[in-house]
Structures are given as C-alpha cells and as structure tokens.
Amino acid sequence: MASGDRDGGDDRVAPERRRFLARVTLAAAAVGAALVGVPVIGLVLGPVLRRRAEVWRAVGAAARFQAGETVEVAFLDASPEAWAGVTARTAAWLRREADGSFTAFAINCTHLGCPVRWLKGAELFMCPCHGGVYYQDGTVAAGPPPRPLVRYEVRVRDGQVEIRTSGIPIT
C-alpha cells in the first residue's frame, strides 16, 4: 500500500483540507473572541466614555415646603434613556431647615440601593431591606450601610426648589 493510500485519500488533497480547516478554526476563534471581547471592553470603557449627567430639576415651589418638614419629592432621572418610561422617575428626601435652606438626600440606601423611608416620629431614615438606619442629617445610625446617605446639591431659583440630580447614586 502506498503512503498516499493510508487514509484512502490523495496526498495533494490533505494540505488543502488542512488549510481550509485551519481557516475555519481561526474564523470561529475570531468570532468567539469578538463575542466575549466586545462586551468586556464596553464594560471597562463604559464609565469612562459615558459622562455622568448632572441636571438641575425643579421639585416644587419653595413656599410649599414647611420648615423642619422632610418630604419625598419626585423628579426625572438626570440621564433618562428614551426607552426608560416610568423607570426614569426617581425621588429624593427634601427637608426645609429652620433657617430656610434646603437639604436633599438620595432615596437609595448606600448599602444595596433599596429605597429608604422617613420615619417622622423617630426622625430617622430606615432601610427596610437589611435594617439600615440613618439620622436626619443622613449619617449612619445603625446597620450595614457603609456610608451616609448621598446628598444632592439644592438651590432656590425663581421661587422654585431645584435639586442637582445625577445617576442613581448606588455606591
């Protein structure tokens, strides 16, 4: 039996088949690398390329808020996507201080982002998810939160209270 007859084929066909299979293997590897690599690159470069939007949002007339009162105010997220719908709405806790100034806190707990509630009688913010508790100034009183509540910058412009919003501040 001749050396070309071992696998039942011609020696001239084998190099073409090997070259074809090598090209198919390289193409499949390239597609696989792209399928894995593109999302990873997007994940790594996304925060760098996408600038964090910060927008002033009006939340109501200053006269509407009573001194010493903490209320929930709703507004449109700073960077709503066209497809976001009602999920583009977010909220903050707004308090008018005795001196007439305003303080605003993100509604999200700094532990895992659950919405905190204001307990008026106790003058505490409470996170129902894992028992995080914050004092009225936003500092941590108890539980797992690693940091105080995120504060928003607040201003009064033309009689309207405005909050400088940014993306959901989950840290």
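Summarised in this report is the structure supplied together with it. (Residues numbered from 1 in each chain as written. Predicted model: local features only at pLDDT ≥ 70, side-chain atom pairs only at ≥ 80, totals over all residues. Heavy atoms only, no water.)

### Re the environment of Pro144
Moving on, step 1. Here Pro144 lies in the loop between strand S8 (140-142) and strand S9 (151-157).
Moving on, step 2. The spacing of Pro144 and His130 is 14 residues in sequence and 7.2 Å in space, taken between C-alpha atoms.
Moving on, step 3. Dropping the residues within four chain positions of it, Pro144 is found in contact with His111, His130, Gly131 and Gly132. (Helix = DSSP H or I, 4+ residues; strand = E, 2+ residues; numbered from the N terminus. Contact = heavy atoms within 4.5 Å.)

### Focus on the state of the cysteines
Moving on, step 1. Within the structure shown, the criterion is met by one disulfide.
Moving on, step 2. Across the disulfide from Cys114 sits Cys129; the S-S distance is 2.1 Å. Because the torsion about its S-S bond is -105°, the bridge between Cys114 and Cys129 counts as left-handed. Placement of the pair is Cys114 in the loop between strand S4 (102-106) and strand S5 (117-119) and Cys129 in the loop between strand S6 (124-126) and strand S7 (133-135), with a sequence separation of 15 residues.
Moving on, step 3. Given the relative accessible area of 14%, Cys114 is considered buried.
Moving on, step 4. Take Cys109: it sits in no disulfide, and the sulfur closest to it among the cysteines is that of Cys127, at 3.9 Å.
Moving on, step 5. A relative accessible area of 2% means that Cys109 is categorised as buried. (Disulfide = S-S within 2.5 Å. Buried < 20%, exposed > 50% of the residue type's maximum accessible area, 1.4 Å probe, protein only.)

### Focus on the sheet that holds strand S10 (residues 160-165)
Moving on, step 1. With antiparallel pairing, the six strands of this open sheet are ordered in space as S1-S10-S9-S4-S3-S2. A strand with exactly one partner marks an edge of an open sheet, and here the two such strands are strand S1 (55-61) and strand S2 (70-76). Across this sheet, the average inter-strand angle for adjacent strands is 35°, counted without regard to direction.
Moving on, step 2. In this sheet, S9 lies alongside S4 in antiparallel orientation, the contact comprising two bridges. Each residue of the ladder has a partner; that of Phe105, found in S9, is Arg151. (Pairing = 2+ DSSP bridges. Axes fitted to C-alpha atoms, helices over the stretch in contact; angles between N-to-C directions.)

### Digging into the pattern of salt bridges
Moving on, step 1. This model, assessed by the stated rule, comprises three salt bridges.
Moving on, step 2. A salt bridge links Glu97 to Arg95, with the nearest nitrogen and oxygen atoms 3.2 Å apart. (Salt bridge = Lys/Arg side-chain N within 4 Å of Asp/Glu carboxyl O.)

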